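# A closer look at the structure
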Amino acid sequence: MPSTYGLIDGNSFYCSAERAFAPVLRGAAVVVLSNNDGCAIARTAEAKALGIKMGDPWHLIRERRELRDVRWFSSNYPLYGDMSRRVYQVLAERLPRVEPYSIDEMFLDLDVPGDLRRLCQELREVVRRIAKIPTCVGWGPTKTIAKLANGIAKDHPELDGLCDLTDPLVRAGWYERLGIGGVWGIGRRTEEKLAQLGIRSIADFLALDPRMARDLLTVVGGRVQEELRGVSCLPLQLMAAPRKGLAVTRSFGRPVLTWRDMREAVAAYAARAAEKLRAEGMEACHMQVFLHTNPHDGSTWYSAQRSARIEPTSDTLALIGEAMRLLPPLWRDGFAYAKAGIMLTDLVPARQQARMFQTRDPVRSAKTMAALDAVNERFGRGTLRPLATGITRSWGTRQQKLSQRYTTRIEEIMRATAL
DNA sequence: TCTGGGGTCCTAGGACCC
DNA sequence: TCTGGGGTCCTAGGACCC
């Protein structure tokens, strides 16, 4: 177990990814929007300075005159994924152990010889130069402390993107000043619960009897407390744990009113779920389908879900078939549906040998799916798709300003931006 | 009228994360 | 016109078993 953990994260990661290809955006207020261009999910410092908050609905932001010049983008996850992998590569070439934690954050094992501050500064510079992403780095004796340090580096520009919380005395100083709600693992509800007991700062929380912390917040809260004390409970995870489930759920670009559109949308989600499953080399044994109306618009709420055990598969047509069996009982005429989704759980590694009582030919299915994936990999997602998933897709997601490079390979990107 | 002590599996819901 | 998507872990409670 390392004695020093680091956390590096990309500043306004999605915005920085967009900026990497459009130098003209340097110094400009930039936001990236959620699916359906619904709300702001990433903002540059300039956009934050203009008062744009995380999660602000975009239709309200754009009405404000002073925000007319804000540059905005629909989210382009394939691009951000490429950028994230690039950042990982740069780090993994320079450190023995790196754990990708989220698309824009990596935990680092900093048990390496030499001056840590200098090393972290060098990491920031090389990530900026090669992957074109500005970052902050925080470090300390546990992951939770490294995460806290990273947040401090982000919030205090005078620290030049670096924050060292190795020294208990330095930590104690911050613990007095920082609210417990900013700690990794303490959300809004827990913060409220603690506030009722008069616990507001991190220092207050550490003064709480560990048994009481566990009774109040379960083992999770107990672990947070230990980690904040400097006792490491969360190891670095170099191997990503096999995933437990997978979901494709999406709000419609406009309300779905007809059974025909609903069937198409859910078939399309099932097809996408099957693709993801195959990309992971997994098969699903359980499927859940749900749909619901808009919870925000004051109309009558209707929501329904149904699930079933299925024969293990990652075959697109088979999964569409299962979804089409689950869906009909959920449908009620007369509602304006806002969202639907497919969730696959009980994932198992794909295997090709025949099972007893199997109703499909696995070899044939694998061949067909491999061909389908190869075409879509080469010519873009959705080039080849089952008719059941629709042609016009009037329910599709709105993406008015997608940066036009989502099939681009990272090598081409790097060439395009070579200085 | 009284009525044990474990187990497992499943589902739903809460809380949190990015 | 009108507010994202996709995960994880933990706990409680019911059904069922011996």
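Residues numbered from 1 in each chain as written. Chains lettered and ligands numbered in written order. Predicted model: local features only at pLDDT ≥ 70, side-chain atom pairs only at ≥ 80, totals over all residues.

By the naming in an unreviewed UniProt entry, chain A goes by DNA-directed DNA polymerase and is assigned to Teichococcus deserti. In the Catalytic activity (unreviewed entry) part of its UniProt record, chain A is described as follows: "DNA(n) + a 2'-deoxyribonucleoside 5'-triphosphate = DNA(n+1) + diphosphate". Its UniProt record, at the heading Subunit (unreviewed entry), says of chain A: "Monomer." (UniProt positions renumbered as here; feature names shortened; annotations may be inferred.)

Close to DNA strand C lie 25 residues; Ser-34, Gly-38, Ala-247, Thr-249 and Arg-250 are nearest. The set of elements that each furnish at least two residues to the surface near DNA strand C consists of α10 (210–229), β9 (245–256) and β12 (337–349). Ranked by residues supplied to the surface near DNA strand C, first place goes to β9 with 8 residues. Residue classes in the surface near DNA strand C are distributed as 9 nonpolar, 12 polar and 4 charged. (Near = placed C-beta within 6 Å. Helix = DSSP H or I, 4+ residues; strand = E, 2+ residues; numbered from the N terminus. Nonpolar A, V, L, I, M, F, W, Y, C, P; charged D, E, K, R; others polar.)

One can describe the packing of helix α4 (residues 77–92) onto helix α5 (residues 116–131) by two numbers: an axis separation of 10 Å at closest approach and a directional angle of 135 degrees. Our classification of the angle between α4 and α5 gives oblique. Considering how the two elements wind past one another, α4 and α5 form a crossing that is right-handed. Counting all contacts with α4, which are made through Met-83, Arg-86, Val-87, Val-90 and Leu-91, the residues of α5 involved are Leu-123, Val-126, Val-127, Ile-130 and Ala-131. (Axes fitted to C-alpha atoms, helices over the stretch in contact; angles between N-to-C directions. Parallel < 35°, antiparallel > 145°, perpendicular 65-115°, else oblique. Left-handed = near helix turned anticlockwise from the far one by under 90°. Contact = placed C-beta atoms within 7 Å.)

For chain A, the domain assignment lists domain 1 (1–164), domain 2 (167–240) and domain 3 (245–389). For domain 1 and domain 2, the distance between their C-alpha centroids amounts to 24 Å. In this complex, domain 1 contributes 15 residues to the contact, which on the side of domain 2 involves 16 residues. Of all the secondary structure elements, the ones that give two or more residues to the side of domain 1 that touches domain 2 are β6 (105–109) and α6 (143–155). Tallying contributions element by element places α6 first for the side of domain 1 that touches domain 2, with 7 residues. (Domains from an automatic or database assignment.)

This brings us to the pairing of β12. Bridge count for β9 against β12 is 8 bridges, and the pairing is antiparallel. By the bridge assignment for β12, Val-248 is matched with Ile-342. As paired strands, strand β10 (residues 282–293) and β12 are joined by 11 bridges and run antiparallel to one another. Note on β12: the bridge partner recorded for Met-282 is Pro-349. (Pairing = 2+ DSSP bridges.)

α10 packs onto α6 with a crossing angle of 70 degrees between their chain directions and a minimal axis gap of 7 Å. Between α6 and α10, the angle is such that the two are roughly perpendicular. In this structure, α6 uses Lys-143, Thr-144 and Ile-145 to contact α10, whose residues at the interface are Val-224, Glu-227 and Leu-228. A per-class count over the contact of α6 with α10 returns 3 nonpolar, 1 polar and 2 charged.

Reading across the sheet, the 4 strands line up as β9-β12-β10-β11 and stay open at both edges, with antiparallel pairing between neighbours. In the strand order of this sheet, the two ends are held by β9 and β11 (303–313), each with one partner. In this sheet, neighbouring strand axes are inclined to one another by 15 degrees on average, regardless of whether the strands run parallel or antiparallel. Contacting β9, β10 and β12, helix α11 (residues 259–279) runs over the sheet at an angle of about 30 degrees to β12.

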